[in-house]
Amino acid sequence: MDHFPTSWGRPRNDAIDAYGTYPIAQRPYNGPKDAFSEGVQHTQQPIVTGTSVLAIKFKDGVMMAADNLASYGSLARFKDVQRLYPVGTHTVIGAGGDMSDFQYIQSMLDELMIDEFCAQDGHTLGPAEIHEYLAQVMYARRSKMNPLWNALLVGGVKDGKSFLAFVDLLGTTYTASTLATGYGAHIAQPLLRSAVETHEHELTEAQARQIIDDSMKVLFYRDARSINKYQVATITAAGSSISDSITLETTWDFAEGIRGYGAQTE
Amino acid sequence: MPGAPSQRQFNPYSENGGTILAIAGQDFSVIAGDTRQSEGYSIQTRYAPKVFRLTDRAVLAVNGFAADGNMFVKNVKQRLEWYRHAHAKDMPLRAIARLIQTMLYARRFFPYYVNNILGGIEEDGTGAVYSFDPVGSYEREACRAAGAASSLVQPFLDNQIYYKNQLAATGTAHPAHLPLPSVLAIVIDSFTSATERHIEVGDGLEIFVVLARGRSLQGLEGVKGMSELTTTDDGERVFVVRRELKKD
């Protein structure tokens, strides 16, 4: 609200405007100045995008996977992009959605971790804190109608507790023992749930890895924005590690026998 | 405008399903919600709480857009903490209700996309339920359902709590207040029924019970899955009952 009575209109008596200052030509504007504010565009849509990220809990921690593709629409534009990123020693985040926004998030978290390290207060941020921080940032950005166009998974182990949670461009958050973003939420999540739910505390790392590998294979066969090259992050009490890129062995001989959608004439 | 270039606009809202309800008794209040969080046809998680203990005499259920809901509860809790630091006591229920209305209306032109139901015990020891719309209109009621299955549950409560369309047997009258075990049974039946008929309701059920100062457990002691959340020993008491709902 404008608290200057003289801006409210012609005053009706001298008690309000004894010196007859109405009309005032222009009061100075003291707010922030931005000569280019009309030229500033907010993110309206993602451009270079990553597809699904998968993650499950197992006996000793959390396992997460994402492929190495960054698409430009339907074009497979960048085929060696890392979509899993370690934050500190206890946490890994994985991102789908706009890759430039994800790179911005990476540098933001790097800065945060450096600030926290410099405090030298004997505390380090674990996965729960990283997730809360990201959730606040994502919600604040959506509230400014300028979202960071991502769906993020945050996984980790700290103080003997494993943690796995989701946050997206709207600031929506949730936790579960199996999580998947994007197309994976439709294709892989049911597979992950039937393999993991109620067994979180019995699954070995090898079994978890098998579940992840199987799901990534299904996703590669079904998701047109995926690629047969992916990485797997494993986070346990011992710390986090992100594997080298793995290339999936796939077979397509069965495709010869498929009739009905292709260019075949009979 | 025909022919004018159109811009796709970012939609800052979503709807995350689920249902909440609250019923006030003479000296207790019951506030419940399912724990499923969904978006469209996808279940995001089977356990995302929608009902929160604010103080030993106030419980808030929030339903609608989950991100707004969590942020709103966070802000309410902070305001209650500040009140505690300033006045060395918990904020009374009717004051919390007015606080919530003010906080919601403050965002009149970019609303929190949530329906709130506040339940608890008033300073006079009566059970109370306050329900709010997303921009802060509120009233005190005996019962209220909100959320995805509110259109299924509210008519049921109108019939079972307010005795709408029911005639008392000759020479008798409908009771003004139901006892706690009857209320719990109605709450559980409401959610099992909503789970059957609404795809966004299910997975888990959390029922909070707030008892007025010095009251007996009124049959709550035998309830399966009950645990106490009370933090003081001479005031109102808060309990939570956790149950499973169908997951399909």
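First things first, this report covers the structure right here in the doc. These numbers come from a predicted model, not from an experiment. (Residues numbered from 1 in each chain as written. Chains lettered and ligands numbered in written order. Predicted model: local features only at pLDDT ≥ 70, side-chain atom pairs only at ≥ 80, totals over all residues. Heavy atoms only, no water.)

1. Considerations on the sheet that holds strand 9 (residues 138-141) of chain B
Across a sheet, strands are paired by hydrogen bonds formed along the backbone, either parallel or antiparallel in direction. Residues and elements named next belong to chain B. Applicable threshold: Strand pairing is defined by DSSP finding a minimum of two bridges between the two strands. Secondary structure elements are taken from DSSP: a helix is a run of H or I of four residues or more, a strand is a run of E of two residues or more, and numbering for both begins at the N terminus. For helices, the axis comes from a line fit to the C-alpha atoms of the stretch in contact; other axes are also lines fit to C-alpha atoms, and the angle between any two N-to-C directions lies between 0 and 180 degrees. Here a residue-residue contact requires only that any non-hydrogen atoms of the pair lie within 4.5 Å.
One open sheet accounts for five strands, arranged 5-6-7-8-9; its pairing is antiparallel. Strands with a single pairing partner mark the edges of an open sheet, and in this sheet they are strand 5 (51-55) and strand 9. Sheet twist, expressed as the average angle between the axes of neighbouring strands with direction ignored, equals 20°. As paired strands, strand 5 and strand 6 (residues 58-64) are joined by four bridges and run antiparallel to one another. Across the sheet, the residue bridging to F52 is L60, located in strand 6. Along the sheet, helix 1 (residues 66-87) contacts strand 5, strand 6 and strand 7 (114-121); its crossing angle with strand 5, the most-contacted strand, is approximately 10°.

2. Observations regarding the pairing of strand 2 (residues 53-58) of chain A
Residues and elements named next belong to chain A. Counted only if it meets this: A 1.4 Å probe rolled over the protein chains alone gives each residue an accessible area, and that area as a share of the maximum for its type sets the label: buried under 20%, exposed over 50%, partly exposed in between.
Burial within strand 2 is extensive, with five of its six residues counted as buried. Of the strand pairs in this sheet, strand 2 and strand 3 (residues 61-67) are connected by six bridges, and their pairing is antiparallel. Within strand 3, the residue paired with A55 across the bridge is M64. The loop that links strand 2 with its antiparallel partner strand 3 comprises two residues.

3. Some words on the interface of chain A and chain B
Just so we agree on the cut-off: Accessible surface is computed with a 1.4 Å probe, and the buried area is the amount of it that two parts give up when combined, taken over both parts together. What counts as a salt bridge is simple: a side-chain nitrogen of Lys or Arg found within 4 Å of a carboxyl oxygen of Asp or Glu. Nitrogen and oxygen atoms within 3.5 Å of one another constitute a polar contact, given that in protein one can donate a hydrogen and the other can accept it, and given that sequence-neighbouring residues count only through two side-chain atoms.
Across the boundary between the two partners, chain A contributes 22 residues, which contact 26 residues of chain B. For the pair chain A and chain B, the two sides together bury roughly 2,000 Å², of which 49% comes from carbon and sulfur. Sorting the residues of chain A by area buried against chain B places Y139(A), R142(A) and M145(A) first, and these three jointly supply 28% of that buried surface. Summed over the shared surface of chain A and chain B, the number is three salt bridges. The closest approach of N and O atoms between E132(A) and K74(B), which form a salt bridge, is 2.4 Å. Where chain A meets chain B, there are eight residue pairs in polar contact (both at pLDDT 80 or more). For the side of chain A that touches chain B, the elements supplying multiple residues, two or more each, are helix 2 (127-143) and strand 10 (173-175) of chain A. Per element, the largest residue contribution to the side of chain A that touches chain B is five residues, and it comes from helix 2 of chain A.

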